[in-house]
Amino acid sequence: MKLYCLSGHPTLPCNVLKFKSTTIMLDCGLDTTSVLQFLPLPLVHSPRLSKLPGWVSKDGTINLEKKELLDLSTIDVILISNYHCMMALPYITEHTGFTGTVYATEPTLQIGRLLMEELVNFMERVPKAQSATCWKYKEIQRLLPGPLKDAVEVSTWKRCYSMQDVNSALSKVQLVGYSQKVELFGAVQVTPLSSGYSLGSSNWIIQSHYEKVSYVSGSSLLTTHPQPMDQSSLKNSDVLILTGLTQMPTANPDGMLGDFCSNLAMTIRAGGNVLVPCYSSGVIYDLLECLYQFIENANLGSTPFYFISPVANSSLEFSQIFAEWLCHNKQSKVYLPEPPFPHAELIQTNKLKHYPSIHGDFSSEFRQPCVVFTGHPSLRFGDVVHFMELWGKSSLNTIIFTEPDFSYLDALAPYQPLAMKCVYCPIDTRLNFHQVSKLLKEVQPLHVVCPEQYTQPPPAQSHRSDLMLELQPPPMPYRRCSVLGLPFRRRWERIQLLPEVGPVATHLSDISILLSLVHHSAVLKKPGNRG
């Protein structure tokens, strides 16, 4: 039994598990941090920028095929943990010869579709007079300015997929519910469990009759809007594959929410505007709920809040209709009946308005000072580019970073010198090292497999031994492009006798008889004996 580690990214996993005769891909996250090495894509054509197209990096797919680590066309099944971990799905299903099935929950599928649609929209609506590819040749790349000249494996970077790719990829998804057992080829059974991180997010149990693997990715023990994490089902695992821990282990989410609200209030009271670069789903639901409780007490009731995204309307609606995937408190509101999220009331009272872009109705209804939620968090494309240019020159305005996926200093680099204030409040509700250590003590897997980054302190905090996993036995670390043999101690295997062998065994005991077969032993049971 082997684990092929296609991605070394701890929060954007893409690994393949060969379990018995079944090849299972565990997530297919898309690393978009490479966009930080390009200038922002404007909303209108600019010759200065047209030669720098919006490329995205696909970590651990096409380039690994060339290295022949694994033939991706042999993958039977893809298990998706959450909508952030499926953004590379079109690259896998549409360009590798994949003929298998993808399993995900309904919220993961629908919100993942929205995020992909938003990404495609951001890329395709920007006019490009021409595209450039020769810069990826090594002899030319080394002549480019940093950091692009130092980027590795740029030949594997791919253009963003199309909506045709997205629709085709998602047509291969089969929906599953929590605790639903899915049989794969009669040899393996997979079961999704609530991970507590986002709407529909899952951990997975992968088991045969005598082996059990738990895949824990992007989980949370905090009380937020999703269903709480199912911990008990993870017990008695032979191997637990752990990934997707918090990127901000020293930042308390509640403290970050408090800082977010206080900085927002100070800016509005001073007559400035607040820009919040964010994804169109996820943390924004918690931010809006926090603001709902905060704005009246802070006397900000007349301040307009704008949510701008090509999928803003769908995102806000989906959050209200997936009631069965929410925590108990929000589920109970549906039967009152009340909307589970308070942003419904903010919309009804015109305190929150949403628009597909800055054009059309928004341009005529826009008033300041205000708060704008928009994408993309990298500040390289999307409507956020317009607001950076509009508000960046005034010190009255503030940009508040809440998404932890991008370095805020790198994101701001192309806009320097910048007069507007910058506040960094990363909100990451995933498990921290203290929480995961406590979890592992409770579920007690025989072996833990994790990214090697989790087995040592962060380079900038080498003295912080509390920011790493210290387990007994020590966890098995993996890195990108590595292959791990999983340490199973297999004692039993289930086999079936062919019908023609049946008459030979008719005289055997109803209980069981120990047979000697070379160096193996077996217990033979009659079909009627289920004990």
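No experiment lies behind these values; they were computed from the predicted model shown.

1. Regarding helix α14 (residues 433-443)
Residues separated by three or four positions in an α-helix point in the same direction, a consequence of the helix having 3.6 residues per turn. All of the buried residues in α14 are Phe433, Gln435, Val436, Leu439, Leu440 and Val443. Projected down its long axis, α14 shows its buried positions confined to an angular sector of 155 degrees, all on one face. Residues of α14 that are exposed and point more than 90 degrees away from the buried face comprise His434, Lys438 and Lys441. Two or three places before histidine 434, at the opening of α14, asparagine 432 has a side-chain oxygen 3.2 Å from that residue's backbone nitrogen. Downstream of α14 by a residue or two, glutamine 444 has a phi angle that is positive, lying close to 50 degrees.

2. Some words on the sheet that holds strand β10 (residues 188-194)
Overall, mixed pairing links the seven strands, which are arranged β9-β10-β11-β12-β13-β20-β21 in an open sheet. In this open sheet, the two strands that pair with only one neighbour each are β9 (182-184) and β21 (476-478). The sheet shows a mean angle of 20 degrees between the axes of neighbouring strands, taken without regard to direction.

3. Some words on the sheet that holds strand β5 (residues 77-79)
Spatial ordering of the open sheet is given by β8-β6-β5-β3-β2-β1-β22, a layout of seven strands whose pairing is mixed. Whereas interior strands pair on both sides, the edge strands pair on one side only; in this sheet they are β8 (173-175) and β22 (482-485). This sheet shows a mean twist of 25 degrees between the axes of neighbouring strands, independent of strand direction.

4. Points about the pattern of salt bridges
Going through the model one piece at a time under the given rule, you end up with six salt bridges. Arginine 125 serves as the salt-bridge partner of aspartate 383, at 2.9 Å between the closest nitrogen and oxygen. Highlighted residues: aspartate 383 in the loop between β17 (371-374) and α12 (384-391) and arginine 125 in the loop between α3 (106-124) and α4 (138-141), separated in sequence by 258 residues. Look at aspartate 383 and you get buried, because its relative accessible area is 1%. Its salt-bridge partner being arginine 464, residue aspartate 466 comes within 2.8 Å of it at the nearest N-O pair.

5. Some thoughts on the packing of helix α6 (residues 253-269) against helix α7 (residues 283-294)
Angle between the axes and distance between the axes are the two parameters that describe a pair of packed helices. Two elements in contact, α6 and α7, have axes whose closest approach is 11 Å; the angle formed by their N-to-C orientations is 55 degrees. The angle between α6 and α7 falls in the class oblique. Both α6 and α7 take part in a crossing whose hand is right-handed. Note on element contacts: α7 touches α6 through Leu287, Cys290, Leu291 and Phe294, opposite Leu257, Phe260, Cys261, Ser262, Leu264 and Ala265. Taken together, the residues that form the contact of α6 with α7 break down as nine nonpolar, one polar and no charged.

6. Description of empty space enclosed by the protein
Taken as a whole and assessed by the stated rule, the structure comprises six cavities of 30 Å³ or more. Along the walls of the largest cavity sit 32 residues, with His84, Tyr197, Tyr279, Glu403 and Asp405 positioned nearest its centre. When contributions to the lining of the largest cavity are tallied by element, the ones reaching two or more residues are α3 and α7. Considering each element in turn, the lining of the largest cavity owes the most residues, three residues, to α3. Residues of the lining of the largest cavity, tallied by class, amount to 12 nonpolar, 13 polar and seven charged.

7. Concerning the packing of aromatic side chains
Summed over all chains, the structure comprises 17 aromatic pairs. Relative to phenylalanine 381, the ring of phenylalanine 122 has its centre 6.0 Å away and its plane inclined at 50 degrees; by these criteria the two rings are tilted. On the criterion of sequence distance, the pair formed by phenylalanine 122 in helix α3 and phenylalanine 381 in the loop between β17 and α12 is long-range, its members being 259 residues apart. The pair formed by phenylalanine 122 and phenylalanine 381 is uniform in burial state, with each residue classed as buried. Here phenylalanine 433 and tyrosine 454 contribute two aromatic rings whose centre-to-centre distance is 5.8 Å and whose plane-to-plane angle is 85 degrees, an arrangement assigned as edge-to-face. Of this pair, phenylalanine 433 sits in helix α14 while tyrosine 454 is found in the loop between β20 (447-451) and β21, placing the two residues 21 residues apart along the sequence.

8. Digging into the nonpolar core
Counting 108 residues, the largest nonpolar core has Met25, Ile78, Leu89, Tyr161, Leu264, Phe373 and Met388 as the members making the most contacts within it. Looking at this core element by element, the count peaks at nine residues for α3. Setting aside anything within four residues of it in sequence, one finds methionine 25 in contact with Leu6, Cys14, Asn15, Val16, Leu72, Ile75, Val77, Ile78, Leu79 and Ile92. The next biggest cluster of nonpolar side chains, apart from the first, holds 26 residues, and it includes Leu3, Leu26, Leu79 and Val213.

9. Here's the deal with the state of the cysteines
For the coordinates displayed, the defined rule picks out zero disulfides. Just so you know, cysteine 261 is unpaired, no disulfide at all, and the nearest cysteine sulfur is the one on cysteine 290, 3.1 Å from it. A residue is classified by how much of its surface remains accessible, and cysteine 261, at 4% relative accessible area, is buried. Sulfur of cysteine 422: no disulfide; nearest cysteine sulfur belongs to cysteine 425 and is 9.3 Å away. Looking at cysteine 422, the relative accessible area reads 32%, which means it is partly exposed.

10. A short note on the side chain of serine 280
Tracing the chain through its elements places serine 280 in the loop between β14 (274-277) and α7. Judged by its relative accessible area of 1%, serine 280 is buried. Polar contacts involving the side chain of serine 280 include one to the side chain of glutamate 118, which spans 3.4 Å. Once residues lying within four places of it in the same chain are set aside, the contact partners of serine 280 are Leu115, Glu118, Tyr285, Phe307, Ser309, Val311 and Ser315.

11. Section: helix α8 (residues 312-321)
Every buried residue belonging to α8 is among Ala312, Ser315, Leu316, Phe318, Ser319 and Gln320, and all of these are buried. Residues of α8 that are buried sit in contact with α3, α7, β15 (305-308), α10 (343-348) and β16 (352-355).

12. A look at the pairing of β22
Burial of the side chains of β22 is restricted to one face: Ser482 and Leu484 are buried, whereas none of Val483 and Gly485 on the reverse face is. Inspection of the sheet shows strand β1 (residues 2-5) paired to β22 by four bridges, in the antiparallel sense. Bridged to leucine 3 within β22 is leucine 484.

Thresholds applied
Along every chain, residues carry numbers that run from 1 in the direction the sequence is written. With pLDDT at 70 or above as the cut-off, local features in this predicted model cover only qualifying residues; side-chain atom pairs require 80 or more to be listed or tallied, and sums for whole chains, interfaces and linings still use all residues. Each side-chain value is derived from all of the structure's non-hydrogen atoms; neither hydrogens nor water enter the calculation. Any residue under 20% of the maximum accessible area for its type is buried, any over 50% is exposed, and the rest in between are partly exposed; the area is computed with a 1.4 Å probe on protein chains only. Only runs of H or I of at least four residues qualify as helices and only runs of E of at least two qualify as strands under DSSP, and these elements are numbered from the N terminus. Summarising the geometry, the arc corresponds to the directions from the helix axis toward the C-beta atoms. What qualifies as a polar contact is a pair of N or O atoms within 3.5 Å, subject to a donor-acceptor requirement within protein and to the restriction that residues adjacent in sequence count only when both atoms come from side chains. Any two strands are treated as partners once DSSP identifies two or more bridges connecting them. In this analysis, axes come from line fits to C-alpha atoms, helices being fitted only over the stretch in contact, and the angle between any two N-to-C directions falls in the range 0 to 180 degrees. We count a salt bridge whenever a side-chain nitrogen from Lys or Arg sits within 4 Å of a carboxyl oxygen from Asp or Glu. Roughly parallel covers angles under 35 degrees, roughly antiparallel covers those over 145, roughly perpendicular covers 65 to 115, and oblique covers all other angles. What makes a crossing left-handed is the near helix being turned counterclockwise from the far one by less than a right angle; a clockwise turn instead makes it right-handed. By the convention used here, residues are in contact when the closest approach between their heavy atoms is within 4.5 Å. Classification convention: Asp, Glu, Lys, Arg as charged; Ala, Val, Leu, Ile, Met, Phe, Trp, Tyr, Cys, Pro as nonpolar; all other residues, Gly among them, as polar. Every definition here rests on a 1 Å grid over the protein atoms only: cavities are sets of points where a 1.4 Å probe fits but cannot get out, pockets are open sets enclosed by protein on both sides within 12 Å along at least five of seven lines, and lining residues have some atom within 4 Å of a point. Grid points are joined across faces, edges and corners, and a volume is the space filled by probe spheres set on the points. Geometry of aromatic contacts follows a simple scheme: Phe, Tyr and Trp rings, the Trp one being its six-membered ring, pair when their centres are within 6.5 Å, and the pair is stacked under 30 degrees between planes, edge-to-face over 60, tilted otherwise. The criterion is simple. A nonpolar core is a set of buried Ala, Val, Leu, Ile, Met, Phe, Trp, Tyr and Cys residues joined through side-chain atoms within 4.5 Å. Only a pair of cysteine sulfur atoms within 2.5 Å counts as a disulfide in this structure description.

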